[in-house]
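Secondary and tertiary structure notes
Take a look at the letters that make up each chain.
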Amino acid sequence: MTPAVCGALLGLALYTSSLCVLSCTALVYHDYCIIGAGPSGLQAAYFLQRAGRDYVVFERSHAPGSFFALYPRHRKLISINKCYTGKSNSEFNLRHDWNSLLSHDHRLLFRRYSHDFYPNADEMVRYLEDFASLLKLQVQYNTAIIHVTLERDEQAWNGYYFILTDQDRQNYKCSCLLVATGTWVPNVVNFPGSEYVEGYETVSTNPEDFTGQTVLILGRGNSAFETAENILGVTNFIHMVSRSRVRLSWATHYVGDLRAINNGLLDTYQLKSLDGLLEGDLEDLAIVKDKKGKLHITLRFYLENSNISAGIDSITLPQDELDNFAPRAPYDRVIRCLGWKFDFSIYNRSLKMMPGKGDKKKYPQIKPNYESTSTQGLFVLGTASHSIDFRKSAGGFIHGFRYTTRAVHRLLEKRHHGVPWPSTVYPVTQLTNSIIKRVNEASGLYQMFSVLADIILLRENATAFEYLEEYPVGILAELETQTGRKAPSGLFVVIMEYGKNFSGADKDVFYYNRAVGEAQHAWQSNFLHPVIYFYKHLPTEHEMKLRPPDWPLPRPDAIHHIVEDFLTDWTAPNAHILPLRRFLENCLSMDLRNFFAESCFLFVFTRKKLPPFCSQGYMRMQGLEGSEALWRHAVEAGLLQDYSITDFMDDRPPDSHKGSEDQLLRDHVIPVRPLQHLVNAKDEL
């Protein structure tokens with residue numbers, strides 16, 4: 001064999017070997033791929049790791065939480081970090097901790113990183129780094145996914161694999177794709193002169209750079225007001241223009257609207273201290289620059305018949321026709337603060353990732369189970385999933401999406417691994433207590449109001465119930481398929497809601513008598529309060545589509561509102577517990593009270609059907625163990641007769657009579673009613 005032939009064969013062998021290496025490295029497989037190591041990506045990774053699943057997280061930066069390394073620009077978060085609540089219940093405390101992710105490690109509570117009510121963003125970066133490292137999450141850093149497509153394969157979970165390509169052309173294959181990239185692409189409005197506009201993401205954060213300047217800010221969200229707050233004391237004046245009016249979070253109950261911590265400019269505007277707010281469509285604006293470098297605001301249609309190249313002197317400005325045109329003064333700087341949107345650019349057409357409509361166009365279209373509307377197996381987590389509850393609940397923020405991410409994980413566990421939704425079975429006698437406990441402690445219900453709900457599935461003959469926590473109500477009709485749990489005998493849905501007509505940008509939420517205190521008017525409650533829906537049968541898809549406007553659920557067979565409470569403490573015996581118990585009794589046609597053995601004994605002879613407490617306790621020789629203190633309490637409450645004096649006086653030793661007589665003189669004997677009142681009355685708790 002000639003040297004040339006040997007060289008050719010060797011070259012072919014090396015080429016074939018390189019192809020083999022390429023093919024071996026080109027498709028690194030994992031069951032689950034997560035794009036983004038921000039809060040939602042790390043939260044999803046935590047649940048997958050605890051379940052022992054095969055997953056990887058791709059992060060373009062060298063560390064997790066790269067968004068928080070840059071934003072907010074002025075470093076103060078607006079997520080509440082309430083370190084003290086007066087309670088030790090960890091679940092309750094998460095209601096007021098808007099920064100911690102869910103984990104079993106108590107070291108990873110955000111209050112251990114900062115005691116500031118509004119923490120510094122650098123602390124969030126440090127927290128996320130520790131969350132990933134202490135829990136040993138599988139994060140692959142410095143890996144920017146630049147393209148995602150599909151590869152058809154009948155053996156794959158969904159009939160295809162997701163193929164991800166990074167900046168080094170390395171390919172990865174997975175069966176399920178979890179997108180947790182957030183919304184990080186700046187919103188930009190293009191109009192004549194927009195090249196003179198500075199972006200929020202690059203503008204100086206040093207107030208000294210704005211000393212003695214006049215500034216126009218485009219936008220009216222928290223980033224716009226945050227920027228204004230930073231330079232409010234050094235500028236000549238600040239004007240702010242946006243298409244929409246200001247929405248205050250304390251008026252709308254939506255945490256994404258303007259927060260009080262940033263609204264100093266509202267004071268200076270309303271108190272006429274030069275600063276001001278304007279409404280206008282940004283796409284109708286135009287900016288022209290004069291010879292001195294000043295920026296003038298005009299309208300686009302004024303430029304249509306003007307020779308822009310001839311300079312500003314040839315351009316008609318609004319004040320030439322209307323000499324009191326509001327923004328007629330020239331500006332030194334114009335800053336764009338219009339928020340962010342989802343990055344659709346990396347997804348191949350085969351995935352059909354489409355933006356939402358109207359106000360939701362910055363988010364991808366997804367279904368109520370957080371799955372893409374067009375691509376099965378692609379789930380959107382975190383801020384990018386906010387289209388489900390935009391301007392309603394907290395799904396776009398850590399304190400909300402930590403729970404929706406857990407819900408998605410539970411749905412995936414059932415779909416791909418046959419693990420049913422976690423549940424607990426209780427005897428029906430514990431129904432009232434179970435609901436009261438959850439509405440007073442649960443953070444997921446509290447933060448994701450009208451989105452996540454507890455589901456109570458009644459067993460046959462309603463002798464027991466199965467309790468499922470924090471299920472997405474948007475897919476209630478699919479409950480049996482999505483959870484692996486059956487609802488043959490009806491169900492209760494426990495959810496938190498605000499009043500239907502209370503909050504809103506145009507509402508006066510501080511009007512006199514704004515709160516309801518009487519249980520009979522609970523349905524008129526305005527503030528966040530528990531609502532219990534009862535269905536004799538699981539609602540259908542058709543019924544879900546026909547539900548009334550602004551209702552999270554279809555019309556139930558019965559509904560009960562627990563009256564709002566100033567302390568959000570729904571434990572008042574008469575105002576909260578008693579009305580709830582009677583509602584449950586009416587739905588189930590049974591007596592849910594707890595009784596002493598003497599009452600159960602009486603019911604055996606007077607009733608055809610025993611209360612569940614007696615049939616499950618007394619008749620099975622189970623129940624509350626008696627004690628002297630408990631017996632005395634029952635006597636004083638009129639639930640038992642006091643036989644101690646007449647029946648047991650003669651049985652005492654002779655030397656105890658005197659002490660007994662002295663005790664009788666000190667005791668106040670409360671008259672008791674006959675036992676018969678227990679048969680008909682339902683006044684006991």
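Remember, it's a predicted structure, so these values are computed and weren't measured experimentally.

**A closer look at the overall build of the protein**
Looking only at helices and strands, the protein features 22 helices and 22 strands. Scored against the burial criterion, the 685 residues of the protein give a buried share of 49%. Of the contacts formed within the protein by residues at least 6 apart in sequence, a portion of 65% connects residues at least 24 apart. Within the structure as shown, the protein displays about 34000 Å² of accessible surface, and the carbon and sulfur contribution to it stands at 52%.

**A look at the sheet that holds strand 17 (residues 423–427)**
Read across the sheet, six strands follow the order 17-19-18-20-21-22 without closing on themselves; strand pairing throughout is antiparallel. The sheet is open, and its two borders are formed by strand 17 and strand 22 (558–561), each paired with just one other strand. Geometrically, the sheet is characterised by an average inter-axis angle of 20° between neighbouring strands, direction not taken into account. In the sheet, strand 18 (residues 452–458) pairs with strand 20 (residues 491–497) via four bridges, with the strands oriented antiparallel. Within the sheet, the bridge partner assigned to I455 lies in strand 20 and is V493. Docked against the sheet, helix 16 (residues 573–588) engages strand 18, strand 20, strand 21 (529–535) and strand 22, running at close to 175° with respect to strand 22.

**What about the sheet that holds strand 10 (residues 237–242)?**
Spatially, five strands are ordered 8-14-9-10-11 in an open sheet, and the strand pairing comes out parallel. Both edges of this open sheet fall to strand 8 (198–199) and strand 11 (276–279), since each of them pairs with a single strand only. Inspection of the sheet shows strand 9 (residues 214–218) paired to strand 10 by five bridges, in the parallel sense. Looking at the pairing, V215 lines up with I238 of strand 10. Against the sheet, helix 6 (residues 222–231) touches strand 9, strand 10, strand 11 and strand 14 (333–336), its axis set at about 175° to strand 10.

**Considering the pairing of strand 2 (residues 55–58)**
Residue alternation in strand 2 divides its side chains into two sets, Y55 and V57 and V56 and F58, and both sets are buried. Bridge analysis of strand 1 (residues 28–35) against strand 2 gives four bridges, and the strand direction is parallel. Bridged to I35 within strand 2 is F58. You can see the chain leave strand 1, run along helix 2 (residues 39–50) and come back into strand 2, and the turn it takes is right-handed. The sheet contact formed by strand 2 and strand 3 (residues 139–140) spans two bridges and is parallel. Paired with V57 across the two strands is V139, which belongs to strand 3.

**Considering the pattern of salt bridges**
If you walk through the whole model with that rule in mind, you get 22 salt bridges. A salt bridge links R438 to E469; the nearest nitrogen and oxygen atoms lie 3.3 Å apart. A residue pair is termed long-range when its members are at least 10 positions apart, and R438 in helix 12 (residues 431–441) and E469 in strand 19 (residues 464–472) qualify at 31 residues. E469 sits in the partly exposed class, given a relative accessible area of 33%.

**Describing the packing of aromatic side chains**
Under the counting rule described, the total for this entry stands at 31 aromatic pairs. Measuring from centroid to centroid gives 6.2 Å for Y127 and F131, while their planes differ by 40°, and the two rings are tilted. In this pair, Y127 and F131 both sit in helix 5 (residues 121–134), four residues apart, roughly one turn of the helix. In terms of burial, Y127 and F131 fall into one category: buried. Members of the aromatic cluster, connected to one another through ring pairs, are Y46, F47, F110, Y113, Y127 and F131. Between the NZ or CZ atom of R333 and the centre of the ring of F210, over which it lies, the distance is 4.2 Å. Residue placement shows R555 over the ring face of W551; its charged tip is 5.4 Å from the ring centre.

**What to know about the side chain of H296**
Looking at where H296 falls in the secondary structure, it is placed in strand 13 (residues 295–299). Judged by relative accessible area, which is 12%, H296 ranks as buried. A distance of 2.9 Å separates polar atoms of two side chains, one belonging to H296 and the other to D290.

**Details of the confidence of the model for the protein**
Here the protein shows a mean pLDDT of 85. Residues at 70 or above account for 86%. Note that pLDDT drops below 50 for residues 656–685; the model gives that stretch 42 contacts with residues more than four away or on any other chain.

**So, the environment of D31**
With respect to the helices and strands, the residue D31 is situated in strand 1. D31 sits 385 residues away from H416 along the chain, and the two C-alpha atoms are 10.0 Å apart. Once residues within four sequence positions are removed from consideration, D31 is found in contact with D54, W157, C174, S175 and C176.

**Some words on the state of the cysteines**
Scanning the model with the defined rule gives zero disulfides in all. Free of any disulfide, C176 has its nearest cysteine sulfur in C174, 7.5 Å distant.

Criteria and cut-off values
- Counting restarts for each chain, with residues numbered from 1 along the sequence as it is written.
- A pLDDT threshold of at least 70 governs which residues receive local features in this predicted model, and a stricter bar of 80 or more applies before side-chain atom pairs are shown or counted, although totals over entire chains, interfaces and linings include all residues.
- Think of the side-chain values as coming from all heavy atoms in the structure, minus any hydrogens and water.
- Put simply, DSSP H or I for four residues or longer makes a helix, DSSP E for two residues or longer makes a strand, and each gets a number counted from the N terminus.
- Accessibility here uses a 1.4 Å probe with only protein chains present; expressed as a share of the type maximum, an area under 20% marks a residue as buried, one over 50% as exposed, and anything in between as partly exposed.
- Working rule for contacts: check all heavy atoms of both residues, and any pair within 4.5 Å makes them a contact.
- Method for areas: the Shrake-Rupley scheme with a 1.4 Å probe, in which residue coverage is limited to the protein chains shown.
- Strands pair, by our definition, only if DSSP identifies at least two bridges between them.
- A fitted line through C-alpha atoms represents every axis, and for helices the fit uses only the stretch in contact; the resulting angles, taken between N-to-C directions, go from 0 to 180 degrees.
- Handedness of a crossover: with both strands directed away from the viewer, a clockwise path from the first strand across the helix to the second marks it as right-handed.
- The term salt bridge refers to a side-chain nitrogen of Lys or Arg lying within 4 Å of a carboxyl oxygen of Asp or Glu.
- Classification of ring pairs rests on two measures: the distance between centres of Phe, Tyr or Trp rings, Trp counted by its six-membered ring, which must be within 6.5 Å, and the angle between planes, read as stacked under 30 degrees, edge-to-face over 60 and tilted in between.
- Geometrically, a charge over a ring is one whose NZ (Lys) or CZ (Arg) sits within 6 Å of the ring centre while staying within 35 degrees of the ring normal.
- Polar contacts here mean pairs of N or O atoms no more than 3.5 Å apart (in protein, one a potential hydrogen donor and the other a potential acceptor; neighbouring residues in sequence count only if both atoms are side-chain atoms).
- What pLDDT reports is the predictor's confidence in each residue, on a scale of 0 through 100.
- In plain terms, two cysteine sulfur atoms within 2.5 Å form what is called a disulfide here.

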